[in-house]
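# Survey of secondary and tertiary structure
Letter by letter, the chains look like this.
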Amino acid sequence: MRIKHIILASAVLVSVSSFAQKDELKKLKKIYEKDEIRGNDLAEYKALVNKVEPLATEESDKIYAAFYKAMTPVLESNAIDQTMSQQQIQMAYAKLVNPKAISDLVTGLNATLDYEKKSGKKVYTDDINETITAFKPVFIEMALALADAKQYKQASDVLYGAYQLDKKDQDKLFYAASYSVNAQDFDKALEYYTELKRLKYTGEGTLYFAYNTTSKTEENFGGNKTLRDVAVKAGSHNKPREEKIPSKVGEIYKNIALILVEDGKIEEAKAAIADARTANPEDSGLILTEADLYLKINDFDNYTKLINEALAKNPNNADLVYNLGVISTSANKLAEAEMYYKKTLEIDPNYFNALLNLSELKLRADEKYVTEMNKLGTSEKDNKRYEVIKAEREKCFKSVLPYLEKAVELKPEDDAAKKTLLSVYNALEMTDKYKALKAKQ
């Protein structure tokens, strides 16, 4: 009898604990669903989260306990004092939205979505989808800030978390892979690129732009043509234009191959490119990817063969010829690269990247000129040589002016183009043009 009494007492204790946990979940739900978090609400919410999590035993209770915990940073962000300065508000957000918090948020939200789909009871599904939509821009801003600070691994983690929340947004997975490469986390990059390959992701699309007549700057409407057209029709914008986003398939396979090469898996890398070309026979970019692979392993015969194949296939494809210039630059074949960039501009005189890359290529000679000039003495012979080099240097600067000026005309908001053009104006003592461009910064 005594044994039965102990078991019964234990059962009563479990029951009491279960009721307490249900009561705490109700309190959490009540605070969570408030329109505005005030006073001690946040402190009470966090205390309840810490209390209920270890007590949860049933599946639903575990799911919702984890959900409320994951949503803590969201409630904290909603409670930020909006009367503070913009800088203070941004700093407050930065403390809350970090890679660990995002990882917990992803886990908690996805688990809740899966559970509610399985149970057929949509308690928070719509709310979660709204949260995902609201926080995606925050994740992007955070990833960019981390990347600017060269914290590429953290930037990758944030974007991968954003992708986990919305797997239709595969662009986030692509950029997470790119940041993993920058972080030299090649295992993670290979995992993400392989997933993109499985998903048959291309990244192709169209960006829509229009000139804001108030701010006097061109605005990027992303892939939203309707919104751009509405703005133009309303008169707030004009000069609409479109920009095609080329396929990223070649880059994905290229990076898979290069990571495999880095791991010493040459044959696997070749097989990956072969598979890619079989699956995408019309993608000329994959010829370049294969060429780049052979360049990486110093197989110049196959490299040359593939370059000629690419040219024969699309002699007037500006993107293809431009990419040949990029590959030649990487191979330090600068004369060849210059030829390809000039050929690109013959096909498309407004090819911004070709204008910029050709300028950079030509300006590489400046280091050689400056080094020699600084070594010269003050003898008559040295002075004559100085004047010769000075003339050659000015000739070099003048040769890039048309390309840089065209680039800045095409994209006046591009800092790299403007800074380079300002440097050339300064070197050529073109004071009026320097001041005019400087005033636009």
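An account of the accompanying structure is given in this report. Values in this document were obtained by computation on a predicted structure and should not be read as measured data. Residue numbers restart at each chain and count upward from 1, following the sequence in its written direction. Side-chain atom pairs in this predicted model are given and counted only at pLDDT of 80 or more, local residue features only at pLDDT of at least 70, and totals for whole chains, interfaces and linings cover all residues. Each side-chain value is worked out from all heavy atoms of the structure, with water and hydrogens disregarded.

Once that is clear, we can look at the overall build of the protein. A count of helices and strands for the protein gives 22 helices and three strands. Here the radius of gyration uses the C-alpha set of atoms, whereas the globule reference equals 2.2 Å times the residue count to the power 0.38. Here the C-alpha radius of gyration of the protein, 30 Å, is well above what a compact globule of 441 residues would show, namely 22 Å. For the protein, the C-alpha atoms occupy an extent of roughly 115 × 55 × 55 Å along the three principal directions. Taking all 441 residues of the protein together, the buried fraction comes to 38%. When contacts within the protein are restricted to residue pairs at least 6 apart in sequence, long-range pairs at least 24 apart make up 55% of them. With residues, only the protein chains shown are counted as cover, and all accessible areas are computed by Shrake-Rupley using a 1.4 Å probe. Roughly 25,900 Å² of accessible area belongs to the protein as shown, and the carbon and sulfur atoms make up 52% of that amount. The secondary structure listing takes helices from DSSP runs of H or I that are at least 4 residues long and strands from runs of E that are at least 2 residues long, numbered from the N terminus. Burial classes: relative accessible area under 20% of the type maximum marks a residue as buried, over 50% as exposed, and values in between as partly exposed (1.4 Å probe, protein chains only). Any pair of residues with heavy atoms lying within 4.5 Å of one another is described as a contacting pair.

The subject of this paragraph is the packing of helix α13 (residues 266-279) against helix α14 (residues 285-296). At a minimum axis distance of 10 Å, the contact between α13 and α14 shows a crossing angle of 170°. In terms of orientation, α13 lies roughly antiparallel with respect to α14. The crossing of α13 and α14 is left-handed. Every residue of α14 that contacts α13 at Ala-269, Lys-270, Ile-273, Ala-276 and Arg-277 is listed here: Leu-286, Ile-287, Thr-289, Glu-290, Leu-293 and Tyr-294. When residues are sorted by character, Ala, Val, Leu, Ile, Met, Phe, Trp, Tyr, Cys and Pro go into the nonpolar class, Asp, Glu, Lys and Arg into the charged class, and all the rest, Gly among them, into the polar class. Residues that form the contact of α13 with α14 fall into these classes: seven nonpolar, one polar and three charged. To define axes, lines are fitted to C-alpha atoms, for helices over the stretch in contact only, and angles between the resulting N-to-C directions are given on a 0 to 180 degree scale. Should an angle lie under 35 degrees it is considered roughly parallel, over 145 roughly antiparallel, and from 65 to 115 roughly perpendicular; all remaining angles are considered oblique. Each crossing is labelled by how the near helix is turned from the far one, with a counterclockwise turn of less than a right angle marking it left-handed and a clockwise turn marking it right-handed.

The phi dihedral of Gln-184 falls on the positive side, at around 60°, and the residue is not glycine. Although it is not a glycine, Lys-200 adopts a positive phi angle of roughly 60°. Within the secondary structure, Lys-200 is located in the loop between α10 (186-198) and β1 (205-212). Taking the relative accessible area as the measure of exposure, Lys-200 reaches 71% and is therefore exposed.

The next subject is the side chain of Asp-166. Mapped onto the elements of the fold, Asp-166 is located in the loop between α8 (152-165) and α9 (170-182). On the accessibility criterion, Asp-166 (14% relative accessible area) is buried. Apart from residues lying up to four places away in sequence, Asp-166 is in contact with Ile-132 and Lys-136.

Here the focus is the nonpolar core. Judged by nonpolar contacts, the single largest core of 65 residues is most densely connected at Tyr-45, Tyr-68, Met-71 and Tyr-193. Contacts of Tyr-193, omitting those with residues within four sequence positions, involve Phe-174, Ala-177, Ser-178, Val-181, Ile-252, Asn-255, Ile-256 and Ile-259. Judged by nonpolar contacts, the second largest core, of 26 residues, contains Leu-361, Phe-397, Ala-407 and Val-408. To define a nonpolar core, start from buried Ala, Val, Leu, Ile, Met, Phe, Trp, Tyr and Cys residues and group those joined through side-chain atoms within 4.5 Å.

Strand order in this open sheet of three strands is β2-β1-β3, and the pairing throughout is antiparallel. A single partner strand is all that each edge strand has here, and the edge strands are β2 (217-220) and β3 (237-245). Along the sheet, successive strands turn relative to each other by an average axial angle of 25°, direction set aside. If DSSP finds at least two bridges between two strands, the strands pair. In this sheet, β3 lies alongside β1 in antiparallel orientation, the contact comprising seven bridges. Bridging across to β3, Tyr-211 finds its partner in Asn-238. Packing of helix α11 (residues 225-234) onto the sheet brings it into contact with β1 and β3, and relative to β3 it is tilted by some 160°.

A word on the packing of helix α15 (residues 300-313) against helix α16 (residues 318-330). Axis separation between α15 and α16 bottoms out at 10 Å; the angle between their running directions is 160°. By the angle between their axes, α15 is roughly antiparallel relative to α16. Crossing angle aside, the handedness with which α15 passes α16 is left-handed. Within the contact between the two elements, α15 uses Tyr-303, Ile-307, Ala-310 and Leu-311 and α16 uses Leu-320, Val-321, Leu-324, Ile-327 and Ser-328. Its residues assigned to classes, the contact of α15 with α16 comprises eight nonpolar, one polar and no charged.

Here a helix's expected span is defined as the number of its residues, less one, multiplied by 1.5 Å. For helix α20 (residues 380-410), with 31 residues, the first-to-last C-alpha span of 46 Å sits near the 45 Å given by 1.5 Å per residue. At every residue, the bend is computed as the angle between two fitted axes, covering the seven residues ending there and the seven beginning there respectively. The sharpest bend along α20 reaches about 35° and sits at Leu-401, with the proline Pro-402 one to four residues further on. Looking at α20, one finds that the buried residues are Ile-389, Cys-396, Phe-397, Val-400, Leu-401, Leu-404, Ala-407 and Val-408.

Now for the pattern of salt bridges. Salt bridge, as used here, is a side-chain nitrogen of Lys or Arg placed within 4 Å of a carboxyl oxygen of Asp or Glu. Within this structure, the stated rule accounts for 21 salt bridges. A salt bridge links Lys-153 to Asp-157; the nearest nitrogen and oxygen atoms lie 3.3 Å apart. Within this pair, Lys-153 and its partner Asp-157 are both found in helix α8, separated by four residues, close to a single helical turn. Take Asp-157: its relative accessible area is 30%, and that puts it in the partly exposed class. Connected through salt bridges with shared partners, the residues Lys-225, Arg-228, Asp-229 and Glu-242 form a single ionic network.

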